[in-house]
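# What the coordinates show
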Amino acid sequence: MRYLPLLAAMLLLPAAAGAQPAPATQAAEASPTTMDEDMTVLAERAVRVTAANGVTLDYSPESIELVEQRLGKLHDAFRKLQDEPSGKLASPSDYEIRLMSLTYGAYIAEVLKRKHGEGTWAYESRLYAGQEVPTFHVGANRIEMWPQIKVEKRLRNGPEDNVWHYFQLTLQKLGAK
C-alpha cells in the first residue's frame, strides 16, 4: 500500500494547536485497509480540523463553500507568513501543504461519494498514465478527478482556484443539480 506512509504522516500532524483525537479515534485511524478507507479517514480529519477552528462540516454539498472559505483563510495566512519581515515565522513546507491538500481533497471527494452513492480512489488515471497520482473516480461514467490537486492550487495560488466553483463544475459534469 503505497499511500500508507502519507496517511501515517498525515495522522501524526496535530489536528490543531492543543487538539488531539480521542483514543478511540486514534485506534480507528490506525487500521484502515484500503485506499478508499484511508481517504475516508482523511475526510474525517478535515471535519475535525475545521471543527477545531469553529466551523462544522457536515458532508453536504453546501459545506464545500465552507471548505473554500477555510482554504482562503489558510492561503491568506500563508501569504502573511511569507511576507513576515522578521523571518521568525516559517511558512508551511511543500510536504505540509500537500498533506493539507490531500485532507481537504479527500473531504470534497467524500461529499461527492455521499451525494452520488459511489466513488472510488485509485492510482490508475488516463491523464496521468504511468504515474502514481491519487485519482478519484465518480459517477456512472467514472469521471476522473483530482480534488487534492485543486486544493493545493487553491492554497498556493489563491481565489482563482476556487474549490466551490470546481465542485459546482463537477456536479454539472455528473448531471446533478
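Presented here is a report on the structure given in the accompanying data block. Worth saying up front: this structure is predicted, and the values here are computed from it rather than measured. (Residues numbered from 1 in each chain as written. Predicted model: local features only at pLDDT ≥ 70, side-chain atom pairs only at ≥ 80, totals over all residues. Heavy atoms only, no water.)

Moving on to the pattern of salt bridges. As a working rule, side chains carrying opposite charge can pair if their charged atoms are close by. Applying the stated criterion across every chain, the model contains eight salt bridges. Close ionic contact of Glu68 with Arg154 constitutes a salt bridge, the shortest N to O distance being 2.7 Å. Placement of Glu68 in helix α4 (residues 63-83) and of Arg154 in helix α6 (residues 147-157) is noted, with a sequence separation of 86 residues between them. Take Glu68: its relative accessible area is 9%, and that puts it in the buried class. Residues Glu152 and Arg98 are paired through a salt bridge, measuring 3.7 Å at the closest nitrogen-oxygen approach. Of this pair, Glu152 sits in helix α6 while Arg98 sits in helix α5 (residues 94-116), placing them 54 residues apart in sequence. (Salt bridge = Lys/Arg side-chain N within 4 Å of Asp/Glu carboxyl O. Helix = DSSP H or I, 4+ residues; strand = E, 2+ residues; numbered from the N terminus. Buried < 20%, exposed > 50% of the residue type's maximum accessible area, 1.4 Å probe, protein only.)

For the rest of this paragraph, the subject is the sheet that holds strand β3 (residues 143-145). Across the sheet, which stays open at both edges, the three strands sit in the order β1-β2-β3 with antiparallel pairing between neighbours. In the strand order of this sheet, the two ends are held by β1 (120-122) and β3, each with one partner. Strand-to-strand, the axes of this sheet are offset by a mean angle of 30°, without reference to chain direction. (Pairing = 2+ DSSP bridges. Axes fitted to C-alpha atoms, helices over the stretch in contact; angles between N-to-C directions.)

A positive phi angle, near 70°, is found at Tyr59, a position not held by glycine. Classification of Tyr59 by relative accessible area gives buried; the value is 15%. Unusually for a residue other than glycine, Arg142 sits at a positive phi of about 55°. Along the chain, Arg142 turns up in the loop between β2 (135-138) and β3.

Read these as geometric descriptors, not functional statements.
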